[in-house]
Amino acid sequence: MLVGALLAAALVAPPAAHAATAGDVTGITQAGNTFTVATTSAARLRIVLVRADIVRLWLAPDGSFTEPTAGEITIRTDFGAVPATVTDTGTQYKIRTAALVLRVTKAPLTIAAYRPDDATVVWRETQPLAWADGQTTQRLARGADEQFYGTGLRLGEWALRDKTVPVAVDNRWRENTNASPAPFYMSTNGYGVLRNSWSPGTYGFTSPVTTTHRENRFDAYYFVATTLKGVLGAYTDVTGKPFLSPMWGLELGNADCFNASNPTYQGDHNRAGHQVTTDVVGYAQEARGKDVPSGWFLPNDGYGCGYTNLPQAVAGAAANGFKTGLWTSTGLTSIAWEVGTAGTRAVKTDVAWIGGGYRPAFLGVQQAVNGIENNSDARRFVWTVDGWAGTQRNAVVWTGDTYGTWDDMRWTVPAVAGAGLSGLNYATGDVDGIFGGSPQTYVRDLQWKAFTPAFMTMSGWGATNPSAGYQDKQPWRYAEPYLSINRRYLQLKMRLMPYHYTMTRNASVTGVPATRAMVLEYPDDPIARGNATSGQFMAGDAFLVAPVVSDTGVRDGIYLPAGTWTDYWTGRVYQGPATLNGYQAPLDTLPLFVKGGAIVPMWPQMNFTGQKPVSMLTYDLYPRGTSSFTLYEDDGITRQYQGGAFATQQVTMTAPQAGTGRVTVDVGSSTGSYTGKPASRAYEFTTRLTAAPASVTVAGAGLTRLTTQAAYDAATTGWFYGGGVLRIKAGTRGAGFAVVIDGAALPPAGGIPGTGPLPKQGWRLLAADSQETAAENGAAANAFDGNTGTIWHTAWSAGAAPLPHEISIDLGASYQVDGLRYLPRQDGGVNGRIGGYEVYLSNSATDWGQPVATGTFADNGSEKTVAFTPRTARYLRVRALTEAGGRGPWTSAAELTLTGTAAPAATVS
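Rules of the game
Every chain begins its residue count from 1, and numbering advances along the sequence as written. Residue-level local features of this predicted model are given only where pLDDT is at least 70; pairs of side-chain atoms are given and counted only at 80 or more, and the full residue set underlies all totals for whole chains, interfaces and linings. To obtain the side-chain values, all non-hydrogen atoms of the structure were included, while hydrogens and water were left out. A run of DSSP states H or I qualifies as a helix once it reaches four residues; a run of E qualifies as a strand once it reaches two. Both are numbered from the N-terminal end. Whether two residues are in contact is decided by their heavy atoms, any of which lying within 4.5 Å being enough. Burial status follows relative accessibility: with a 1.4 Å probe on protein chains alone, a residue under 20% of its type maximum counts as buried, one over 50% as exposed, and anything between as partly exposed. For the purposes of this analysis, a disulfide is any pair of cysteine sulfur atoms at a distance within 2.5 Å. Between any two strands, pairing holds if DSSP finds at least two bridges. Helix axes are fitted to C-alpha atoms over the stretch in contact, other axes to C-alpha atoms as well, and angles between N-to-C directions run from 0 to 180 degrees. Angle categories: roughly parallel below 35 degrees, roughly antiparallel above 145, roughly perpendicular from 65 to 115, and oblique for all the rest. For any pair of crossing helices, the crossing counts as left-handed if the nearer helix is rotated counterclockwise from the farther one by less than a right angle, and right-handed if it is rotated clockwise. Following the grouping adopted for this structure description, the nonpolar residues are Ala, Val, Leu, Ile, Met, Phe, Trp, Tyr, Cys and Pro, the charged ones are Asp, Glu, Lys and Arg, and the polar ones are all others, Gly among them. Salt bridges, as used here, are contacts in which a Lys or Arg side-chain nitrogen is within 4 Å of a carboxyl oxygen on Asp or Glu. Residues enter a nonpolar core if they are buried and are Ala, Val, Leu, Ile, Met, Phe, Trp, Tyr or Cys, with the set joined through side-chain atoms within 4.5 Å. Values of pLDDT, the confidence the predictor places in each residue, fall between 0 and 100.

K.L.:
Honestly, the side chain of Thr74 in this entry has me stumped. Any pointers?
P.N.:
Mapped onto the secondary structure, Thr74 falls in the loop between β5 (54-60) and β6 (85-88). Beyond its immediate sequence surroundings of up to four residues, Thr74 is in contact with Leu194, Asn196, Tyr221, Val238 and Thr239.

If you want it as structure tokens, here you go:
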């Protein structure tokens, strides 16, 4: 026993000398689910078994327990009696439940959690809980390959190992800050931690993991599960599931002042079409005239704008298929009238009101929720800029006042996907930001956000687009080709509404978000676990979305996990795991892939929910093996679903894994009821095949093969094969049925084609004739650091060196190189863009020979591609002979990339 005590003491490092700790354990008592630990100091620790898999540790340094959150963050902590046993080993108390073993080491007091085998550690304190200078800190051991996620809507990468993250409100809205912090994180060890606190903190995912909050108490909930999804489920069992948005809330919204003539308005009083609140109706009519889907307006920004004739504005917008809400910076004193009489249905709580964050912001959101739900039968639909743990049950969070730049888009993608790792189902950023922007950045930003649950544009502050006077970021106010691209993706969002709505319903039941970081779907894939995949995400369980976040038509680094993946646009099937480079993604193409086995429900095309009846439901099929999908439906507007007014329909598909065979689709009856549910409806099925099938039967009866698309369009039943797609109309059905496709030739899954970007991990700078490191970080190494937000810029603060400029790079190994890509700076600046250029490749760092390519780049921000005859080389030299546009003697670059393959083994100098 003495040896065990010495070993336990050796595993626990002493706390900082200036910090206080509880000391040693002197005893433990039990009352129901609560164990109270007495110590040699005044401190007392409560261990509360909330559930077999959920434990609360609650430390009172002076022995007096306080709870400033008062049940506001946590809304359910009583799950009934928890069967548990307690044993005293001499050096430890062991508290055992069905899901874990909690070890309480006596000298000094430290806690560890183990799996039920009492051998596999889940988490373990390396030092006692310590408090000093008004803050309390916990330190946990970090596993050799343990990864961490969470902390709310963090603006940047979502894999947090080795990062130190602020869990605090600062409203700066820049990379590596936290727009809506949450004092929660989870680990690939299978646990999550919620600090039950309104105080700001800092989480260091170093070794040890060090989490600190600025309060002289400690209160945390620990959730233990075997999967990350399980941790999220337990966390949201306690803090609340994500709310279920009204269906129109998944459509694109727009916020702006529509009462600019108000003398107190702080913006431009002369904005055309924004003089009085009812001017919003003109925008609604314009959207419908342009055939562009969009669903709601927030026609009041509160910054002196106010509103006039609100009921008339709401009614006029509704006549055009738009809902109306209010964006307030001053509070909600009139919300009962605004909702109950004027008919508003949404609230955006602005930073000028709730920007202090923490509890006041949280209560402001709750006030907005109550204002909507106490004065109507509608569901909550609230947006907040300063969320916290528990906000997922009440509001959409967004990234704050960002910019319409490629760089902001780059870190917004992982921010939105990563927010789901804190249970935030609705997270987004203003399309193309609030400031600046361009038609190109707008299109790219809208594309991928159309695959997230909620998204909005913010007008009134942006650059003029697409011509003078257009300071409004509505998608229908752009010139071609941007208008058509915007329309295409918004129409696709509407066709996919039943899929997206089902994913949000699933989130409201399970806590698993609709927008998913790759690790949620592929937790055992080492690549998916880390930030190598932070620039892509899963939209539900079917779609892999890989946004383009720089001015280029080529997307590299798309990681396809195990399984088959169908290019949504071309039908080409890839076999994972693999990384796809050189994917051709012109401005109108979002890299989008569908997982093998997916069953995707689709509506007829419409511009807003309820515009037309869902007379036909289409299931888009990607048969591979056995899979299923359960469609969720309700009235989409009211809270009647909470009382059971909803319906579900399960669809199961069996198919060969490859080759040709039988595909069977069993469509179950729609079970359940809700207001407006159709007694029957028509069904259509689409799937990609390499040839026409032998036959198609529905409910045991053979279907007629139709020979033209026109004949198929005119028919109520039948099937047609053309362009690699099989289309089946099964007719109107009121009960379950089966579709059987015999002789279905599945598209073969191929490997990843062609050459791709060469890895930059081994690259190092040989030389650069000039770099600016005094007045900015314009170091030459930024040209190949893999970060499009950093740049190499030649010296300027102490005088500019003359052109030409050059940079030389050691690739670290020999490669077969066939191309160079040059990405100009993406930060909004233009000077230094390379005009005339020379490219050299060599196996010698001193003998460059003749250039492999020369030419002149256009004066714009898009990525430039230079192809040349493949050449084996270890060293790269790029010479900038002139500056594009002739603005000065500078050179700049966001990123230099080489394409090619590994070279044959050879000795190089």
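K.L.:
What's the story with helix α9 (residues 439-449) in this structure? I'm lost.
P.N.:
Residues separated by three or four positions in an α-helix point in the same direction, a consequence of the helix having 3.6 residues per turn. Counting buried residues along α9, ten of its eleven residues qualify, which places the element largely inside the surrounding structure. Looking at α9, one finds that the buried residues are Pro439, Thr441, Tyr442, Val443, Arg444, Asp445, Leu446, Gln447, Trp448 and Lys449.

K.L.:
Any chance you could explain unusual backbone geometry here in plain terms?
P.N.:
Where the residue is not glycine, phi is negative for most of them; where a peptide bond is considered, it is trans in most cases. Cis geometry is found at the peptide bond from Glu480 to Pro481, where omega equals 10 degrees. Inspection of the secondary structure assignment puts Pro481 in the loop between β30 (456-458) and α10 (482-495). Going from Leu803 to Pro804, the amide bond is cis rather than trans, its omega being 0 degrees. Looking at the secondary structure, you find Pro804 in the loop between β54 (792-793) and β55 (805-823). Although it is not a glycine, Asn309 sits at a positive phi angle of roughly 50 degrees. Positionally, Asn309 belongs in the loop between β21 (296-298) and α4 (310-318).

K.L.:
Would you take a moment to explain the state of the cysteines for this structure?
P.N.:
Should the sulfur atoms of two cysteines be covalently bonded, the bond is a disulfide. Applying the stated criterion across every chain, the model contains one disulfide. One disulfide in the model links Cys257 with Cys305; its S-S distance is 2.1 Å. Residues Cys257 and Cys305 are joined through a disulfide that is right-handed, its torsion about the S-S bond being 85 degrees. A residue pair is termed long-range when its members are at least 10 positions apart, and Cys257 in the loop between β20 (253-255) and α3 (280-289) and Cys305 in the loop between β21 and α4 qualify at 48 residues. Judged by its relative accessible area of 0%, Cys305 is buried.

K.L.:
Looking at this structure, how should I read the sheet that holds strand β7 (residues 92-96)?
P.N.:
Strands in a sheet are paired, the pairing made by backbone hydrogen bonds, and the direction either parallel or antiparallel. With respect to topology, five strands assemble into an open sheet ordered β6-β7-β8-β9-β10, the strand pairing being antiparallel. This sheet does not close on itself; its edge strands, each paired only once, are β6 and β10 (121-124). Strand-to-strand, the axes of this sheet are offset by a mean angle of 20 degrees, without reference to chain direction. One ladder, built from three bridges, connects strand β9 (residues 110-114) with β10; its direction is antiparallel. Within β10, the residue paired with Ala112 across the bridge is Arg124.

K.L.:
What is the right way to look at the packing of α4 against helix α5 (residues 335-342) in this model?
P.N.:
Look at α4 against α5: their axes get within 10 Å of each other, and the N-to-C directions meet at 45 degrees. Between α4 and α5, the crossing angle belongs to the class labelled oblique. Judged by the twist between their axes, the crossing of α4 over α5 is right-handed. Along the contact surface, α4 presents Leu310, Pro311 and Val314, while α5 presents Trp337, Glu338 and Ala342. Split by residue class, the contact of α4 with α5 holds five nonpolar, no polar and one charged.

K.L.:
What should I look at first to understand the environment of Thr891 in this one?
P.N.:
One can find Thr891 in the loop between β58 (864-880) and β59 (892-893). Judged by relative accessible area, which is 1%, Thr891 ranks as buried. Between the alpha carbons of Thr891 and Ala795 there is a distance of 8.9 Å; along the sequence they are 96 residues apart. In contact with Thr891, not counting residues within four places along its chain, are Trp792, His793, Thr794, Leu803, His805, Gly832, Ile834 and Ala880.

K.L.:
Would you mind going over the packing of α9 against α10 with me for this structure?
P.N.:
When two helices pack together, their arrangement is given by the angle between their axes and by how far apart the axes lie. Put simply, α9 and α10 touch, their axes get as near as 9 Å, and they point 10 degrees apart. It follows that α9 is roughly parallel to α10 by the angle criterion. In this structure, α9 contributes Pro439, Gln440, Tyr442, Val443, Leu446 and Gln447 to the contact, and α10 contributes Tyr482, Ile485, Asn486, Tyr489 and Leu490. Grouping the constituent residues of the contact of α9 with α10 by class yields eight nonpolar, three polar and no charged.

K.L.:
Got a minute to help me understand the sheet that holds β21 in this structure?
P.N.:
Read from one edge to the other, the open sheet built from four strands follows the order β22-β21-β20-β30, with strand pairing classed as parallel. The open sheet terminates on both sides in strands that have one partner only, identified here as β22 (323-324) and β30. The pairing of β20 with β30 spans three bridges and is classified as parallel. By the bridge assignment, Asn254 is partnered in β30 with Thr457.

K.L.:
Which parts of the structure should I look at to understand the pattern of salt bridges?
P.N.:
For side chains bearing opposite charge, pairing can occur when the charged atoms are close. Inspection of every chain in the model, using the stated rule, returns 42 salt bridges. A salt bridge links Asp810 to Arg874, with the shortest nitrogen-to-oxygen separation between them at 2.9 Å. Here Asp810, found in strand β55, pairs with Arg874, found in strand β58; they are 64 residues apart in sequence, far enough to count as distant.

K.L.:
Just checking my understanding: could you explain the nonpolar core for this structure?
P.N.:
For soluble globular proteins, the rule of thumb is that nonpolar side chains tend to be buried together. Counting residues in each nonpolar core, the largest one holds 189 residues, and the members touching the most others are Phe543 and Phe685. It is helix α8 (residues 406-419) that provides the largest number of residues to this core, a total of eight residues. Counting 28 residues, the second largest nonpolar core, distinct from the first, contains Ala780, Leu811, Val866 and Ala893.

K.L.:
I keep staring at the confidence of the model for the chain and nothing clicks. Help me out?
P.N.:
Low-pLDDT stretches of the model should not have their predicted coordinates read in fine detail. Across the chain, the average pLDDT comes to 94, with 97% of residues at or above 70. Low confidence marks residues 1-14, where pLDDT is under 50. Its contacts with residues over four positions away, or in another chain, come to 18 contacts. Here residues 905-909 is a poorly scored stretch, pLDDT under 50, and it has seven contacts once near neighbours within four places are set aside; other chains count.

K.L.:
I keep staring at the environment of Val86 and nothing clicks. Help me out?
P.N.:
For Val86, the location among the structural elements is in strand β6. Residue class for Val86 comes out partly exposed when judged on its relative accessible area of 36%. Each C-alpha atom, one on Val86 and one on Asp785, is 54 Å from the other, the two residues being 699 residues apart in sequence. Those residues in contact with Val86, other than ones at most four positions away along the chain, are Gln30, Phe35, Lys94 and Ile95.

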